[in-house]
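Each chain, written out:
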Amino acid sequence: MQKGPEQPRVTLYIILTTAFLSLCFLLSLSSSAHSSSSYAGRPEDLRPDPRLFPSSSKIAADTAPPSIAYLISGSSGDSRRILRLLYATYHPRNRYLLHLDSLATQSERDRTAVAVQDVPIFRAARNVDVIGKPDFAYQRGSSPMASTLHGASILLRLSGAWDWFVNLSVDDYPLVTQDELLHIMSHLPKDLNFVNHTSYIGWKESRRLKPVIVDPGLYLVEKTDMFFASQKRELPKAFKLFSGPSFSILSRNFMEHCVLGTDNFPRTLLMYLSNTPDSLSNYFPTILCNSNLFKKTIINNNLLYLASNDTSKERYHQLDHKEFTEMVESGAAFARGFRYDDTVLDRIDHELLGRRPGEVVPGGWCLGDSNKNRSSCSVWGDSGILRPGSGPDRLERRIVELLSNDWFRSHQCVPE
């Protein structure tokens, strides 16, 4: 009997099946209680402070500002960076889910939850949660995709009120206040998706799409080397692949389509990408551009400033003060590439966000008098009141350019 030619194929099938089942099992855990709420008490104690959401608000429900759901992720030693990013992006209308992956210790995760509980406005708004049972996510492989979908599914379960989903890492930081961002987003259709994308695969075909891997982050506790199979596979013919950076701003309707929708394509693509070296950068752009329902909602820009050394390979260098002016004038809402406690973050806090160390960014909901010993946000009122500064002008110019007729449609899901 000649088993030689069939043996590699059988081995490959076993590898693919094992990894995919692991991915499905990991995603299925989303339906269980994975988020450890930072609050405890009677049901009536879990309601937000009515001063933040007054039932007799002057702002009608249909004209109320939108809400953004943030998944903020980090690893071992990143607790302080996660909390700083939470302070910098905080608004009572938003929803926040903090995730320290399995490389972090449980004590670090517990300290983060306690730190959240100690902040009065977080307790009042009841809108910050910490994932209690973490995912393990390599930078490559399918575990980042599984972790992102897991976080999105938790956020969908926690609240039915948010409008956009943003996945932040500790390397990211906002360039506008949330009052400014929500002010601009309130003038936009809530089905828009801000996603950099291209159908040009180029060098990625041989390095990121054809190789077959097994991501140990899906089924092992400890960090180990990723397993590469000797075989390679062909690119799909049933759909067109699109690729882009992992950062994006995605609508709630689209996230429900990916996590809860009846269309089977998101799950089909999940199966295909479960064994590729780079899944997350292909997953959302490919679903959007292969869907008649969503491909007209995509804007080919993710509102992120990225100082890239080589745009074709998505490599970026760490930002510094020399790029501050260019970063601000770009009109981006966020930037990526910051070092731990970089002094440029202090400059962003001072000049762009008006944030003091250890405090949230002041907004229209802050009613207190600011002084050296007390934050203006120690007294709060209606979260529907926004007081944008100069940030909306920069961001508005950027979005107007993106939505102009000669650019918006001509850059949507273009086959190359």
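All of the points below concern the structure found in this document.

Conventions adopted
Residues numbered from 1 in each chain as written. Predicted model: local features only at pLDDT ≥ 70, side-chain atom pairs only at ≥ 80, totals over all residues. Heavy atoms only, no water. Pairing = 2+ DSSP bridges. Helix = DSSP H or I, 4+ residues; strand = E, 2+ residues; numbered from the N terminus. Axes fitted to C-alpha atoms, helices over the stretch in contact; angles between N-to-C directions. Parallel < 35°, antiparallel > 145°, perpendicular 65-115°, else oblique. Left-handed = near helix turned anticlockwise from the far one by under 90°. Contact = heavy atoms within 4.5 Å. Buried < 20%, exposed > 50% of the residue type's maximum accessible area, 1.4 Å probe, protein only. Polar contact = N/O pair within 3.5 Å; in protein donor to acceptor, adjacent residues only side chain to side chain. Disulfide = S-S within 2.5 Å. Core = buried A, V, L, I, M, F, W, Y, C linked by side-chain atoms within 4.5 Å. Phe/Tyr/Trp six-rings, centres within 6.5 Å; stacked < 30°, edge-to-face > 60°. Lys NZ or Arg CZ within 6 Å of the ring centre and 35° of its normal. Expected span 1.5 Å × (residues − 1). Arc of directions from axis to C-beta. Nonpolar A, V, L, I, M, F, W, Y, C, P; charged D, E, K, R; others polar.

1. Some remarks on the sheet that holds strand 15 (residues 334-336)
Working step 1: Overall, mixed pairing links the three strands, which are arranged 6-15-12 in an open sheet. The open sheet has two edge strands with one neighbour each: strand 6 (172-174) and strand 12 (304-306). Neighbour-to-neighbour, the strand axes of this sheet turn through a mean angle of 25°, independent of strand direction.
Working step 2: As paired elements, strand 6 and strand 15 share three bridges and run antiparallel to each other. Of the residues in strand 15, the one forming a bridge with Asp 172 is Arg 336.

2. Examining the packing of helix 9 (residues 265-273) against helix 10 (residues 280-289)
Working step 1: Orientation of helix 9 relative to helix 10, taken along the N-to-C sense of each, is 150°, at an axis distance of 10 Å. As far as their axial angle goes, helix 10 and helix 9 are roughly antiparallel. Classified by chirality, the crossing of helix 10 by helix 9 is right-handed. Across from Phe 265, Pro 266, Leu 269, Leu 270 and Leu 273 in helix 9, the residues of helix 10 making contact are Asn 282, Tyr 283, Thr 286 and Ile 287.

3. What about the environment of Glu 108?
Working step 1: Summarising the element assignment, Glu 108 is placed in helix 3 (residues 106-117).
Working step 2: Residue class for Glu 108 comes out buried when judged on its relative accessible area of 7%.
Working step 3: With near-sequence residues (within four places) excluded, Glu 108 lies in contact with Ser 75, Ser 76, Gly 77, Asp 78, Ser 79 and Leu 100.
Working step 4: Engagement of the side chain of Glu 108 in a polar contact is seen with the backbone nitrogen of Ser 79, the distance being 3.2 Å.

4. Here's the deal with the state of the cysteines
In a disulfide, the sulfur atoms of two cysteines are covalently bonded to one another.
Working step 1: Summed over the entire model, instances satisfying the criterion amount to two disulfides.
Working step 2: Linked covalently through their sulfurs, Cys 366 and Cys 377 form a disulfide whose S-S length is 2.0 Å. With the S-S bond torsion at 80°, the cross-link from Cys 366 to Cys 377 turns out right-handed. Placement of the pair is Cys 366 in the loop between helix 12 (343-353) and helix 13 (391-403) and Cys 377 in the loop between helix 12 and helix 13, with a sequence separation of 11 residues. By the burial criterion, Cys 366 is buried, and Cys 377 matches it.
Working step 3: In the chain, the bonded cysteines, numbered by position in the sequence, are linked as 1-4, 2-3.

5. Looking at the nonpolar core
Working step 1: Ranked by internal contacts, the top residues of the largest apolar core, which has 70 residues, are Leu 86, Tyr 90, Ile 121, Phe 122 and Ile 348.
Working step 2: If one sorts the elements of this core by residue count, helix 2 (residues 79-89) sits on top with six residues.
Working step 3: Formed by 36 residues, the second largest nonpolar core is a distinct cluster that contains Ala 152, Phe 165, Tyr 272 and Ile 298.

6. Let's talk about unusual backbone geometry
Working step 1: For Asp 341, which is not glycine, the phi torsion reads 50° and is therefore positive.
Working step 2: Among the structural elements, Asp 341 can be located in the loop between strand 15 and helix 12.
Working step 3: Even without being glycine, Cys 413 reaches a positive phi, approximately 50°.

7. Some words on the packing of aromatic side chains
Working step 1: Tallied over the entire structure, the rule returns 14 aromatic pairs.
Working step 2: Residues Phe 254 and Phe 284 carry aromatic rings whose centres are separated by 6.0 Å and whose planes lie at 70° to one another, so their mutual orientation is edge-to-face. Placement of the pair is Phe 254 in helix 8 (residues 252-259) and Phe 284 in helix 10, with a sequence separation of 30 residues.
Working step 3: Owing to a relative accessible area of 0%, Phe 254 belongs among the buried residues under this scheme.
Working step 4: Residue class for Phe 284 comes out buried when judged on its relative accessible area of 3%.
Working step 5: Taking the centre distance of 5.3 Å and the plane angle of 75° together, the rings of Phe 254 and Phe 294 count as edge-to-face. In this pair, Phe 254 is assigned in helix 8 and Phe 294 in the loop between helix 10 and strand 11 (298-299), connecting sequence segments 40 residues apart. Pair check on accessibility: Phe 254 and Phe 294 agree, each one buried.
Working step 6: Three or more aromatic residues link up through ring pairs in this structure, and these residues are Tyr 70, Tyr 87, Tyr 90, Tyr 96, Phe 122, Phe 247, Phe 334 and Trp 365.
Working step 7: One Lys or Arg, Arg 252, reaches over the ring of Trp 162 and ends 4.7 Å from the middle of that ring.

8. Describing helix 3
Working step 1: The end-to-end C-alpha distance of helix 3, which contains 12 residues, comes to 17 Å, matching closely the 16 Å that a straight helix rising 1.5 Å per residue would cover.
Working step 2: Residues of helix 3 that are buried include every one of Glu 108, Arg 109, Thr 112, Ala 113 and Val 116, and no others. Taken end-on, helix 3 shows its buried residues confined to a sector of 140°, consistent with a single buried face.
Working step 3: The inward-facing, buried residues of helix 3 contact helix 2, strand 3 (95-100), helix 4 (120-125) and strand 4 (128-131).

9. Brief notes about the packing of helix 6 (residues 178-185) against helix 13
Working step 1: Packing of helix 6 against helix 13 leaves a shortest axis separation of 9 Å and a crossing angle of 35°. In this structure, the crossing between helix 6 and helix 13 has a hand that is right-handed. Across from Glu 180, Leu 181, His 183 and Ile 184 in helix 6, the residues of helix 13 making contact are Gly 391, Pro 392, Leu 395, Glu 396 and Ile 399.
Working step 2: Looking at the contact of helix 6 with helix 13 residue by residue, the classes come out as five nonpolar, two polar and two charged.

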